[in-house]
Amino acid sequence: MHFVIYCQDDPATPNAREENYPAHRAHLAAATVKLLVAGPYTEVNSDKKIGSMLVVEADSIEAVRDFAQRDPFFVNRVWNNVQIHPYIKSTDNR
């Protein structure tokens, strides 16, 4: 199954994203779910990163929750809101 992980950064920890980026990338590289697409999203008309969006493939939402909750961005409060939803891919124009 596919899942989308939608994460909003915590404005109270503005430096946490850059401080934890290497550990976050290492976590993604060792992913326990199949990482399909991942990256930050930004404020409109800016390159200021304000969150992350990941699309993963996994056997269960529990596996996705475990993966997200072990991410250094979650552990170190880069993200203050994480939502996980099943995702149905209906178009892929790559």
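These remarks concern the structure in this document. (Residues numbered from 1 in each chain as written. Predicted model: local features only at pLDDT ≥ 70, side-chain atom pairs only at ≥ 80, totals over all residues. Heavy atoms only, no water.)

**Considering the pattern of salt bridges**
With the rule as written, the count across this model stands at 6 salt bridges. Here Arg70 and Asp66 are joined by a salt bridge, their closest N and O atoms 3.0 Å apart. Placement of both Arg70 and Asp66 in helix H2 (residues 61–70) is noted, with a separation of 4 residues, approximately one turn of the helix. Connected through salt bridges with shared partners, the residues Lys89, Asp92 and Arg94 form a single ionic network. (Salt bridge = Lys/Arg side-chain N within 4 Å of Asp/Glu carboxyl O. Helix = DSSP H or I, 4+ residues; strand = E, 2+ residues; numbered from the N terminus.)

**Brief notes about unusual backbone geometry**
Even without being a glycine, Asn45 presents a positive backbone phi close to 60 degrees. In this structure, Asn45 sits in the loop between strand S2 (34–42) and strand S3 (49–57). A residue is classified by how much of its surface remains accessible, and Asn45, at 83% relative accessible area, is exposed. Phi at Arg77 takes a positive value of approximately 60 degrees, unusual for a residue other than glycine. Examined against the element boundaries, Arg77 turns out to sit in the loop between helix H3 (72–75) and strand S4 (79–87). Arg77 gets classed as partly exposed once you look at its relative accessible area, which sits at 46%. (Buried < 20%, exposed > 50% of the residue type's maximum accessible area, 1.4 Å probe, protein only.)

**Overview of the environment of Ala58**
In this structure, Ala58 sits in the loop between S3 and H2. Residues Ala58 and Asn45, 13 residues apart in the sequence, show an inter-C-alpha distance of 34 Å. If sequence neighbours within four positions are ignored, Ala58 has contacts with Met1, Phe3, Val33, Ala63 and Val64. (Contact = heavy atoms within 4.5 Å.)

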